[in-house]
Structure formats: C-alpha cells, structure tokens
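Summary of the model geometry
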Amino acid sequence: MDKIVYYYIPLYWELIKAFAFTAILTAATETLFFYFLKYSKKHFLIFIFLINIFTNIILNIFISFAKIKTHTVLYAEIIVILVEYFLILLYLKPNLKNSLILLIQTTFANILSYSIGILWFSLTGTI
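The present account deals with the structure reproduced in this document. Source: prediction; values computed, not measured. (Residues numbered from 1 in each chain as written. Predicted model: local features only at pLDDT ≥ 70, side-chain atom pairs only at ≥ 80, totals over all residues. Heavy atoms only, no water.)

**Considering unusual backbone geometry**
Selection criterion: For the purposes of this entry, the term helix denotes a DSSP run of H or I that reaches at least four residues, the term strand denotes a run of E that reaches at least two, and both are numbered from the N terminus.
In this structure, histidine 43 takes a positive phi of about 65° despite not being glycine. Of note, the phi angle at lysine 93 is positive, near 50°, even though the residue is not glycine. Relative to the elements of secondary structure, lysine 93 occurs in the loop between helix 4 (72–92) and helix 5 (96–124).

**Some words on the packing of aromatic side chains**
Where two aromatic rings form a pair, the distance of their centres and the angle of their planes describe that pair. So the rule is basically this: Side-chain rings of Phe, Tyr and Trp (the six-membered ring for Trp) are treated as a pair once their centres are within 6.5 Å; stacked means planes under 30 degrees apart, edge-to-face means over 60, and tilted covers the remaining angles.
Applying the stated criterion to the full structure yields 11 aromatic pairs. An angle of 70° between the planes, with centres 5.3 Å apart, marks the rings of phenylalanine 34 and tyrosine 39 as edge-to-face. Through pairs of rings, three or more aromatic residues link up here, namely Phe33, Phe34, Tyr39, Phe44, Phe47, Tyr91 and Phe108.

**Comments concerning the nonpolar core**
Here is the rule: Remark: nonpolar core denotes a set of buried residues (Ala, Val, Leu, Ile, Met, Phe, Trp, Tyr, Cys) joined through side-chain atoms within 4.5 Å. Residue burial is assigned from relative accessible area. The probe radius is 1.4 Å, only protein chains are included, and a residue is buried under 20% of its type maximum, exposed over 50%, and partly exposed in between. It only takes one pair of heavy atoms within 4.5 Å for two residues to be counted as in contact.
Grouped together as the largest cluster of nonpolar side chains are 11 residues: Phe33, Phe34, Phe44, Ile48, Ile51, Tyr85, Ile88, Leu89, Leu92, Leu102 and Ala109. Broken down by secondary-structure element, the contributors of at least two residues to this core are helix 2 (20–36), helix 3 (44–65), helix 4 and helix 5. The dominant element in this core, judged by the number of residues it contributes, is helix 4, at 4 residues. When residues no more than four places from it in sequence are discounted, the contact partners of leucine 102 are Phe34, Tyr39, Tyr85, Ile88, Leu89, Leu92 and Pro94.

**Quick word on the packing of helix 4 against helix 5**
For any two helices packed against each other, the geometry comes down to the angle between their axes and how far apart the axes lie. Applied cut-off: Lines are fitted to the C-alpha atoms to define the axes, a helix being fitted only along its stretch in contact, and any angle between axes, read from their N-to-C directions, falls within 0 to 180 degrees. If an angle is under 35 degrees, it is roughly parallel; if it is over 145, roughly antiparallel; if it lies from 65 to 115, roughly perpendicular; otherwise it is oblique. We call a crossing left-handed when the near helix sits turned anticlockwise from the far one by less than a right angle, and right-handed when that turn is clockwise. For this classification, Asp, Glu, Lys and Arg are treated as charged, while Ala, Val, Leu, Ile, Met, Phe, Trp, Tyr, Cys and Pro are nonpolar and the rest, including Gly, are polar.
Axis separation between helix 4 and helix 5 bottoms out at 9 Å; the angle between their running directions is 135°. Taken as axis vectors, helix 4 and helix 5 run oblique relative to one another. Here the hand of the crossing between helix 4 and helix 5 comes out right-handed. For the pair formed by helix 4 and helix 5, the contact residues are Val73, Glu77, Val80, Ile81, Glu84, Tyr85, Ile88, Leu89 and Leu92 on the first element and Ser99, Leu100, Leu102, Leu103, Thr106, Thr107, Asn110 and Tyr114 on the second. Here the contact of helix 4 with helix 5 is composed, by residue class, of 11 nonpolar, 4 polar and 2 charged.

Distances and angles like these do not, on their own, reveal function.
In structure tokens:
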C-alpha cells in the first residue's frame, strides 16, 4: 500500500500535470471545431471539452508506459476517436445518417488537434 500512496499516486499526478498543456490544447481545438460546426445542444461544448481533457490525459499516460512500436500511437488514437464518438452518440442521440456524419466529424476533429499538437511541439522543439 505504501508503494501506491508514495510512488504511484504522485507519479500519476506528475504525469497529469505534465500532460495538462496538451490536454487543454486538444480540448480547445476540438471544442472550437464543433463550435464552428454550430452544434448547439445545451452544454455540448462543455461536454466535448471535458471528454477531450479526459481522453487526452489517458492517451498520454498510456503512451508514456507503452512500448512504442510503429503503430502504437495510431492504434491508440483510433481508440480515442471511437471512445469520443460513442460518448458523443450517447449525448446527442442522432439518427443513423447523422451518426455517420458525426463519426467523420469526430475523426476530422482528432486529426486536426493531433496535427496542431505535432506542429506546436515541432515549432517549440519539444519533439
């Protein structure tokens, strides 16, 4: 129990703080993306922001501990897209046609935020 309290909890807390900027950048990008698509259901943009914070931090913690292979990040990003998509489906409850459009929009939002993150970290020299 001591190892959990004195090692793992502080370790995860430090990782969360380290990934806070990327989480906020991702959440802001994807929230703005859905804002410009005129999603207007009550509290939807707050929902998008929060699920992106959550999925980004979990993704980054996973990548930190995973043995990075060629496609590890790609597979992890696909899982994030699917998780976000299903959470959005539960929130919006769209019809079938709009569900397919929503999958494309969620995928594009994630590609956009990933690209902006790569560009940002390339320009700042942290990659």
